[in-house]
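# Architecture at a glance
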Amino acid sequence: HRCLQVTEILWNIFEHALHYRHPTWCHVCVLSLALTCRAFHQVGIGILWREQHGLVPLIKCMPDDAWQVVEREHPELDDVVETFLDIARPPLPQDWERFEANAKHVKVFIWDDGIMPRVNAETLRKLSLYRPRTLFLLPDLRALYWRERRRDVHEYVNLFLAPKLTVVHIGTFLSHDDTLAIASSLGDRCPLLKALIFTESPEKDVNDLPPVQSRSICALQYVHDVYLPFPILVDAIIHLATRPALATAHIVTSTEDEDELCARLSTIGAPLFPVVRSLGLRFSILGSSTVPFFSFVKSPNLESVGLASTEHPSASILRKHLKELSQHPCAPKLTSLQLHLTPLSQGSPEPSDTEDDPDGRIDLHVLTPLLSMRSLQFLNITSFNLDLDNAALVTLSSAMPALRTLELTRMHFVGAVPRITLAVLVPLFRNCPRLSTLRLALDARLTPLLPPALPAGLNRTQLMLFSVEDSPIRETDAVAAFLSMFCQAGITPYIVCGMQEGGEHAVERAAYRELWGKVQVLLPLFVRVRGQALRPEAGMGAGSQIPRAMHSAIGRPYGDVPS
């Protein structure tokens, strides 16, 4: 039929066959279509080879005596055998013909360490050694997703950096040498790159890494998404800031260049970050010289902002940065804000730290500029010096009614008693009815008593995840009964505790983690019992009883809750 002579129609048919049912059946179906006739072959082969998870299918295109499957014991797990695909002999030039013919169809390559049999570093070394010098392993590759966890394989990422790449996504930890080797070669080898994303930070602290050469970053003319967890020089930052299509930029400044960054930006005549939607910045320390940065961002589409500092800034400097951000034309439209302020010392601070250094304390006065950002849906503040009480949290939540995720984290909280208590959840859920994720350290040792009906203006919460960090707790029954007041029937939030092990307060962390685990077990029971208690016409069922803790939470007035 004439319709089947149109390539676009054939592609739609093959695409439908590929995604119709189980992947294995779909591949068999597409293969059968590809073998039907010569007209179908080219489209079918292109569909089958377009996305590959590993090199195993391509290596098996070589003659059978050129490769072999090898079994080895797992180096760490007993009674576990791993299978690897190895090169049995040096491939001859003609052995590469089928490899080359099929490799040119690969457009998306995903290297995942969960695929068996695996291709190990030795196999990659042999491929690199014996491949024809003019051959890119995947010459027409457009997107590379690297998720390999084995460190000895990382040095071979460069084998897949083809000239037509538009997306490079590194989703695993790399050594700083491998990270810099990849980043420094991208400009020459991948000039068409549009998205460069490193989702994991290098093993070393960012300030211990030498800045990557600006020449490589400055060669990326078409980039629109950049996530770099390592420092780059001012020249590279200015180049990225002037890209007309840059929509996402998460960058780390070089320690030596921070003082001159804003001064250099002020000399640029072209609009900076003209269309950026998500902007993340990490400085070694926030200072007076970095305050004007947000005034240079000219994008009318700014929606998400991240601000991080390796050393904790003074409260006054932080407030100046937030005030500058609040004066941006897009501030009322911001939907996401992240502040990650980690001090130079990674030790666990004592409760008196913020009292001895009031200028370092992050309280409501410091965060006041955020009150104008009423469209925020995601708010994350992480700092050792975060110091908020119930009244401060109520003020913040009332100014941000659209919040869906609220994360206020003071790391290593054990040793200090949080000033926020369970009572704040009542106005918090009233002010933010769509809140689904809450990360908050609070004092759960005293539980306010609530009436059986919800307070006026408060609906059942949509909370799905509640991270309590190292929150102190005593009575698990009372806490579970209190939380059940806000839960929808049949839906209870998943409670997560702090995951840090060892340290000065290891015993307290373990005890609190165990108690919160009991709350997670009791909460569904209390939600079900409360629902039955509030529907007397449905009856409680034969032999069912309300737990004793429920008697203290049902039918009695609740305690002081901030309005």
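Because the structure is a prediction, the values reported are computed rather than measured.

Looking only at helices and strands, the chain has 18 helices and 17 strands in total. When the 563 residues of the chain are sorted by exposure, 50% land in the buried category. Expressed as a percentage of contacts within the chain between residues at least 6 apart in sequence, the contacts between residues at least 24 apart total 77%. About 26,100 Å² of surface is accessible on the chain, with carbon and sulfur atoms providing 54% of the total.

Attention now goes to helix α6 (residues 121–130). Owing to its 3.6 residues per turn, the α-helix brings residues three or four apart onto one side. Residues A121, T123, L124, K126 and L127 constitute the buried set of α6. Considering only its buried residues, α6 is in contact with α4 (56–59), β3 (81–87) and β4 (108–112).

The subject of this paragraph is the environment of L261. Tracing the sequence through the fold places L261 in helix α10 (residues 258–265). In this structure the C-alpha to C-alpha distance between L261 and D235, which are 26 residues apart in sequence, comes to 9.3 Å. Apart from residues lying up to four places away in sequence, L261 is in contact with V234, I237, T253, F283 and F293.

What follows concerns the packing of helix α1 (residues 7–18) against helix α3 (residues 38–49). Running from N to C, α1 and α3 cross one another at 50°; their axes reach a closest spacing of 10 Å. The pairing of α1 with α3 is recorded here as oblique in orientation. Crossing of α1 against α3: the hand is right-handed. Side by side, α1 and α3 meet where T7, L10, W11, F14, E15 and L18 of the first sit next to A39, F40, V43, G44, G46 and I47 of the second.

Okay, the packing of helix α9 (residues 234–241) against α10 next. Two elements in contact, α9 and α10, have axes separated by 10 Å at closest approach and are oriented at 35°. Every pair of crossing elements has a handedness; the one defined by α9 and α10 is right-handed. For the pair α9 and α10, contact is made by V234, D235, I237 and I238 and by E260, L261, R264 and L265, respectively. Taken together, the residues that form the contact of α9 with α10 break down as five nonpolar, no polar and three charged.

Here we take up the side chain of S185. Structurally, S185 is set in helix α7 (residues 176–189). Here I182 takes part through its backbone oxygen, which lies 3.1 Å from a polar atom of the side chain of S185. Excluding its chain neighbours within four sequence positions, the residues that come into contact with S185 are N158, L161 and S216.

Relative to the helices and strands, D86 is located in strand β3. A relative accessible area of 11% means that D86 is categorised as buried. Reaching out from D86, the side chain makes a polar contact with the side chain of K126 at a distance of 3.4 Å. Here D86 is in contact with A66, W67, Q68, V70, T123 and K126, once residues within four sequence places are set aside.

Position of V43 among the secondary structure elements: in helix α3. V43 sits in the buried class, given a relative accessible area of 7%. Remark: the alpha-carbon pair of V43 and T7, spanning 36 residues in sequence, is separated by 7.6 Å. Ignoring anything within four residues of it in the chain, the contact list for V43 reads T7, L10, W11 and F14.

Turning our attention to unusual backbone geometry. Trans peptide bonds make up most of the peptide bonds, and negative phi angles are found at most residues other than glycine. One non-glycine residue, F273, lies in positive phi territory at about 45°. With respect to the secondary-structure elements, F273 resides in the loop between α10 and β10 (278–283). According to the relative accessible area criterion, F273 is buried, its value standing at 2%. Positive phi, normally seen in glycine, also occurs at E469, with a value near 55°. Tracing the sequence through the fold places E469 in strand β16 (residues 465–469). Judged by relative accessible area, E469 falls into the buried class, the value being 12%.

As a further point, take the confidence of the model for the chain. Mean pLDDT for the chain: 82, with 82% of residues reaching 70 or above. Mean pLDDT in the chain bottoms out at helix α12 (residues 353–356), which sits at 46, and peaks at helix α14 (residues 390–399), which reaches 95. Confidence drops under a pLDDT of 50 for residues 344–356, and excluding neighbours within four residues, the segment shows 21 contacts in the predicted structure. A low-confidence stretch, residues 536–563 (pLDDT under 50), is modelled with 48 contacts involving residues beyond four sequence positions or located in other chains.

This brings us to empty space enclosed by the protein. Scanning all chains against the criterion turns up five cavities of 30 Å³ or more. What the second largest cavity holds in volume is close to 50 Å³. If you go around the second largest cavity, the residues you meet are F429, T461, L463, F466, L483, F486, C487 and P493. Considering only residue class, the lining of the second largest cavity consists of seven nonpolar, one polar and no charged.

This part covers α3. Taking 1.5 Å per residue as the helical rise, α3 with its 12 residues ought to reach 16 Å, and the 17 Å between its terminal C-alpha atoms agrees with that figure. Of all the residues in α3, the buried ones are F40, V43, G44, I45, G46, I47, L48 and W49.

Aromatic rings considered in pairs are described by the distance between their centres and by the relative angle of their planes. All chains considered together, the criterion is met by 12 aromatic pairs. Taken together, a centroid distance of 5.8 Å and an interplanar angle of 50° make the contact between W146 and F160 tilted. Placement of the pair is W146 in strand β5 (residues 143–147) and F160 in the loop between β5 and β6 (167–170), with a sequence separation of 14 residues. For F160, a relative accessible area of 0% translates into the label buried. Through a chain of ring-to-ring contacts, the aromatic side chains of F109, W111, W146 and F160 assemble into a single cluster. Between the NZ or CZ atom of R72 and the centre of the ring of F84, over which it lies, the distance is 5.3 Å.

What counts as what
- Residues numbered from 1 in each chain as written.
- Predicted model: local features only at pLDDT ≥ 70, side-chain atom pairs only at ≥ 80, totals over all residues.
- Heavy atoms only, no water.
- Helix = DSSP H or I, 4+ residues; strand = E, 2+ residues; numbered from the N terminus.
- Buried < 20%, exposed > 50% of the residue type's maximum accessible area, 1.4 Å probe, protein only.
- Contact = heavy atoms within 4.5 Å.
- Areas by Shrake-Rupley, 256 points an atom, 1.4 Å probe, with all protein chains shown as cover.
- Axes fitted to C-alpha atoms, helices over the stretch in contact; angles between N-to-C directions.
- Parallel < 35°, antiparallel > 145°, perpendicular 65-115°, else oblique.
- Left-handed = near helix turned anticlockwise from the far one by under 90°.
- Nonpolar A, V, L, I, M, F, W, Y, C, P; charged D, E, K, R; others polar.
- Polar contact = N/O pair within 3.5 Å; in protein donor to acceptor, adjacent residues only side chain to side chain.
- pLDDT = per-residue confidence, 0-100.
- 1 Å grid on protein atoms, 1.4 Å probe; cavity = no way out; pocket = protein on both sides within 12 Å on 5 of 7 lines; lining within 4 Å.
- Points joined across faces, edges and corners; volume = space filled by probe spheres on them.
- Expected span 1.5 Å × (residues − 1).
- Phe/Tyr/Trp six-rings, centres within 6.5 Å; stacked < 30°, edge-to-face > 60°.
- Lys NZ or Arg CZ within 6 Å of the ring centre and 35° of its normal.

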